[in-house]
Amino acid sequence: MARLFVAIPLSPLLKQRLQEIQPPRTTGITPVAADNLHLTLQFIGDAPVETVLAALANISLPGFQLAFSHKPRYQKGVIWLGVKDSPELKVIQLAVVKALVKAGVTLQPKRFMPHITLARYKRHVPTEMIELLLEERAGVVPDEAAVAFGLYSSKTVDEHVIYTRLRAFPLQDG
Ligand code: 2AM
């Protein structure tokens, strides 16, 4: 068993751009490390890895474009960039959910809100400061080609979250 989630990996170029708009490490604000930036399709939680891998291997879908909101937003300790909903994103998210449910994996029912978590903040951080930091770094984030999705494990070691990609599943050309 491992703590698992399914996500779309992001290109080095996009991660670099996201780092430019991310708030910097300041008292009470922790940016997500570049290696950990991703777009979650489905959080699973503790589940048997082999069952989940076998379920995901049945998914065959074309690649597509991801587009992003203009401005990061923040709420309840999380600063995130919205990902524009699209039919292709809905299709892949639903395909992942269906494949997992069919394989008997238990999922928490939760509405899909596509986003990339950029940073986390402690509740004592004044919202004015968050707004200022985001405003200073605001800028366009170019569209991204989603070419794969992956199964990831999540571990916390010495208060550091480590996401490890266990397997990537390529999306088909065109
Ligand atoms: P977040 O970035 O908005 O916190 C791994 O934890 C990934 O799964 C993160 O992208 C996280 O979203 C997402 N996730 C969704 N539901 C979760 C949950 N109940 N617990 C932990 N992570 C969850």
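**Q** A description of the site of the ligand should follow, citing residues and the corresponding values.
**A** Taken together, the neighbourhood of the ligand is formed by Phe5, Thr40, Phe43, Val78, Thr117 and Ser154. Classifying every residue of the shell around the ligand by side-chain character gives three nonpolar, three polar and no charged.

**Q** Tell me what's going on with the sheet that holds strand β1 (residues 2-9), and back it up with residues and numbers.
**A** Strands sit in the order β3-β1-β9-β10 across an open sheet of four strands; the sheet is antiparallel. Two strands lie at the open edges of the sheet, namely β3 (38-47) and β10 (160-170), each paired on one side alone. Averaged over neighbouring strand pairs, the angle between their axes works out to 25 degrees when direction is ignored. Taken strand by strand, helix α2 (residues 49-56) contacts β1, β3, β9 (148-157) and β10, and its axis lies near 25 degrees from that of β1. Where helix α3 (residues 87-102) meets the sheet, its contacts fall on β1, β3 and β9, and the angle it forms with β3 comes to roughly 10 degrees.

**Q** Describe unusual backbone geometry, listing the residues and the values that go with them.
**A** The phi angle at Asp158 is positive, at roughly 50 degrees, despite the residue not being glycine. Tracing the sequence through the fold places Asp158 in the loop between β9 and β10. In this structure, Glu159 is a non-glycine residue whose phi angle is positive, near 65 degrees. With respect to the secondary-structure elements, Glu159 resides in the loop between β9 and β10.

So, how was this worked out
Residues numbered from 1 in each chain as written. Predicted model: local features only at pLDDT ≥ 70, side-chain atom pairs only at ≥ 80, totals over all residues. Near = placed C-beta within 6 Å. Nonpolar A, V, L, I, M, F, W, Y, C, P; charged D, E, K, R; others polar. Pairing = 2+ DSSP bridges. Helix = DSSP H or I, 4+ residues; strand = E, 2+ residues; numbered from the N terminus. Axes fitted to C-alpha atoms, helices over the stretch in contact; angles between N-to-C directions. Contact = placed C-beta atoms within 7 Å.

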